[in-house]
Amino acid sequence: MFSKETYIQRRQTLKELVGSGIIILFGNNESPCNYPANSYYPFRQDSSFLYFFGLKRDGLVGVIDIDNDKEWLIGDDIDIEDIVWYGSVDSVADMAAQVGVTNTAPMKSLSSIISADRLPPRPLERGLGGEAPIHFLPPYRHDTKIQIMDLLGIHPSKQKEAASLALIKAIVKMRSTKTQEEIEELERAAEIGYKMHTTAMRITKPGLTEKYVGGQVDGIAHSYGAQVSFATIFSQHGEIMHGNPSMAVLESGRLALCDAGAETINHYCSDNTRTFPVNGKFTQRQLDIYRIVEECHDYVLQVAKPGVKYMDVHLAVCRLMTERLKELGLMKGDVDEAVAAGAHAMFLPHGLGHMMGMDVHDMEGLGQIYVGFDEETRPNLEQFGTNCLRMGRRLEEGFVVTDEPGIYFIPALIDDWRKSGHCAEFLDFDLLETYKDFGGIRIEDDVLITKDGCRFLGTNRIPYHPQDIEEFMFYLFD
């Protein structure tokens, strides 16, 4: 948790940005795994609630009455039976005092605190773009949806469109630009991420299972008082974007892709990907593809800076990748025409990166159209590959984005495009056939946009240049 003053100032800024009405920020409740008493662990609080109230306990709601300048922390104190099982915890009043909130109330009082007779005398206008006196965010948990329905009478199927656009835009504006204390927390996450990835490199060898390595990686995150920022990806099938660890045995000659990140105790994330040979030594064929991804990854550091659209950075990377794939004979034709047609998406079917902070895909639940795009920069939802770009807007100092180019050989996609003739003028399908057993390569780091450019987060760089990887893994096979 940050200082009390941090949360007081954040709520004050939020009130100024939203302007009027009552803001309701729902914390998360415990989520049962397979029966009520067996909840998913560790408990994860809602990020926006954490940002403004900083409290990790379940069953809390924050209320901010802008017009009357009052704030409440709503929640029930635990009883003696809970204390027997879980130990004593701070009272709701004590927790409120820790973050500078004066008023508290039990959960049964929530409806009366936001009742219509306390609101400014104007009609309740719900819906995006409306001047709604009651502001809430798009819910993503079903128990919260039920709570909103009981409280405001809005059916769960209507709640996304009824969420407050003013509140969404205010929170996106605030959370997008990271303060110094947030950057320091992100650096801590990066250091844990370094330990996770170098552990994967150190222990990977033929004969182990993907599941074993993935489990060790997760254990590193938990052992440093953190948790994983998303489900760890560790697979010899790097062409599968979300290839979670299986019981498959690691084989010499294959590549292993590890996409993993840590989340600190204060809930700030890291997200890195490394691809390395199971036996510690790249083949020439692997190096040919790897060096293209490496060059694209490093190119971002040269061009990403305040004022530049990340969509333009993405497209510049796609053109560079297309140029290099032409040199290998996998692509052909005019580079600009190939990228405009989306031919590069055969190899890179996702975007260059996304915002990152308290969520590994930061604020994705608020709507990607508001987080990664704006009135100036709109997403291309029609073109395969480009439609998966999560971040396109102009970069600003203090933004944190991921830099994650990749090249993947997806057999089903090769077959599908060959059958339909899609982008045939830009692709050599005969040569692509010989790469169906290749897998995929991705290199990913977290980039902080600075005053004049950008830099990677983390003091220690996870090895990613081929020679560095081979030297790092060499002792295993010496």
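See above for the structure.
The present account deals with the structure reproduced in this document. All figures in this text were calculated on a predicted structure; none of them were measured in a lab. Residue positions are counted from 1 within each chain, in the order its sequence is given. In keeping with the model being predicted, local features are shown solely for residues with a pLDDT of at least 70 and side-chain atom pairs are shown and tallied solely at 80 or more, while totals for entire chains, interfaces and linings include all residues. Hydrogens are left out, water is left out, and the side-chain values use all remaining heavy atoms of the structure.

1. Concerning the overall build of the protein
In DSSP terms, a helix is any run of H or I states spanning at least four residues, a strand is any run of E spanning at least two, and both are numbered starting from the N terminus. Of regular secondary structure, the protein possesses 17 helices and 17 strands. The reference for a compact globule is 2.2 Å times residues^0.38; the radius of gyration itself is calculated from the C-alpha atoms. Computed over C-alpha atoms, the radius of gyration of the protein comes to 24 Å, within 12% of the 23 Å expected from 2.2 N^0.38 for 478 residues, which places it in the range of a compact globule. Any residue under 20% of the maximum accessible area for its type is buried, any over 50% is exposed, and the rest in between are partly exposed; the area is computed with a 1.4 Å probe on protein chains only. Out of the 478 residues belonging to the protein, those deemed buried represent 54%. The accessible surface values rely on the Shrake-Rupley method and a 1.4 Å probe; as for residues, cover is taken only from the protein chains in view. Here the protein has roughly 20500 Å² of accessible surface; of this, 51% comes from carbon and sulfur atoms. Note that His is not counted, nor are the chain ends; the positive residues are Lys and Arg, and the negative ones are Asp and Glu. All charge positions are set by atom: Lys at NZ, Arg at CZ, Asp at CG, Glu at CD. Where the 47 positive side-chain charges of the protein centre and where its 71 negative ones centre are 1 Å apart.

2. As for the pattern of salt bridges
Salt bridges are counted wherever a side-chain nitrogen of Lys or Arg sits within 4 Å of a carboxyl oxygen of Asp or Glu. Inspection of the entire model under this criterion finds 28 salt bridges. For Lys169, the salt bridge goes to Glu375, with nearest N and O atoms at 3.1 Å. Of this pair, Lys169 sits in helix α8 (residues 165-176) while Glu375 sits in the loop between α14 (368-371) and β13 (400-403); the two residues are 206 residues apart in sequence, bridging distant segments of the chain. Its relative accessible area of 40% is what places Lys169 among the partly exposed residues. Between Arg418 and Glu433 there is a salt bridge, with the nearest N and O atoms lying 3.5 Å from each other. Taken together, the residues Arg418 in helix α15 (residues 411-420) and Glu433 in helix α16 (residues 429-433) connect sequence positions 15 residues apart. Accessibility expressed as a relative area gives 35% for Arg418, which makes it partly exposed. Each of the salt bridges in this network shares a partner with another, and the network as a whole consists of Asp415, Arg418, Asp430, Glu433 and Lys436.

3. Some points on the sheet that holds strand β1 (residues 22-26)
A pair of strands is labelled paired if DSSP reports no fewer than 2 bridges between them. Reading across from one edge, β6-β5-β4-β1-β7 is the order of the five strands in this open sheet, with mixed pairing throughout. Edge positions in the sheet fall to β6 (103-105) and β7 (134-135), since each of these pairs with one other strand and no more.

4. Observations concerning the sheet that holds strand β10 (residues 255-260)
Here three strands make up an open sheet; going across it, the order is β9-β10-β12 and the pairing antiparallel. Across the chains shown, the open sheet's two edge strands, defined by having one partner strand only, are β9 (233-235) and β12 (272-277). Strand after strand, the sheet turns through a mean of 10 degrees between neighbouring axes, direction not considered. One ladder, built from three bridges, connects β9 with β10; its direction is antiparallel. Following the sheet pairing, Ile233 is matched in β10 by Asp259. For helices, the fitted axis covers only the stretch in contact; all axes are lines through C-alpha atoms, and the angles between them, taken along N-to-C directions, range from 0 to 180 degrees.

5. Things to note about α8
By this rule, a helix spans an expected 1.5 Å times one less than how many residues it contains. Over its 12 residues, α8 runs 16 Å from end to end, which matches the ideal 16 Å to within 8%, given 1.5 Å per residue. By the criterion of burial, α8 is predominantly enclosed, with nine of the 12 residues buried. Of the positions making up α8, those classed as buried are Leu165, Leu167, Ile168, Ala170, Ile171, Val172, Met174, Arg175 and Ser176. Buried positions along α8 lie against α1 (4-18), β1, α2 (47-53), β7 and α14. Capping of α8 at its N-terminal end is provided by Ser164; its side-chain oxygen lies 3.4 Å from the backbone amide nitrogen of Ala166. Whether two residues are in contact is decided by their heavy atoms: any pair within 4.5 Å suffices. N or O atoms closer than or at 3.5 Å make up a polar contact, with two conditions inside protein: a donor-capable atom paired with an acceptor-capable one, and, for residues adjacent in sequence, both atoms drawn from side chains.

6. A short note on a negative patch on the surface
Exposure above 30% relative accessible area and the absence of a salt bridge qualify a residue for a patch, where like charges join within 9 Å and nonpolar side chains (Val, Leu, Ile, Met, Phe, Trp, Tyr) within 5 Å. Together, Glu323, Asp334, Asp336, Glu337 and Glu425 line one region of the surface with negative charge. Following the sequence through the fold, Asp336 ends up in helix α13 (residues 335-341).

7. Regarding the pairing of strand β16 (residues 445-449)
Within β16, five of the five residues are buried, which leaves it mostly tucked inside the rest of the structure. Of the pairings in the sheet, the one linking β13 to β16 comprises four bridges and is antiparallel in character. Counterpart to Val401 in the pairing with β16 is Val447. The pairing of β16 with strand β17 (residues 454-456) spans three bridges and is antiparallel.

8. Focus on the side chain of Glu263
Tracing the backbone shows Glu263 in strand β11 (residues 262-263). By relative accessible area, Glu263 is classed as buried at 4%. A polar contact of 2.5 Å, which involves the side chain of Glu263, links it to the side chain of Arg44. A polar contact is formed between the side chain of Glu263 and the side chain of His267, at a distance of 2.6 Å. Those residues in contact with Glu263 that lie beyond four places of it in its chain are Arg44, Ala226, Gln227, Val228, Ser229, Tyr268, Cys269 and Met358.

9. A short note on the environment of Leu389
With respect to the secondary-structure elements, Leu389 resides in the loop between α14 and β13. Leu389 has contacts with Met311, His314, Gly351, Leu352, Gly353 and Phe373, leaving out every residue within four places of it along the chain.

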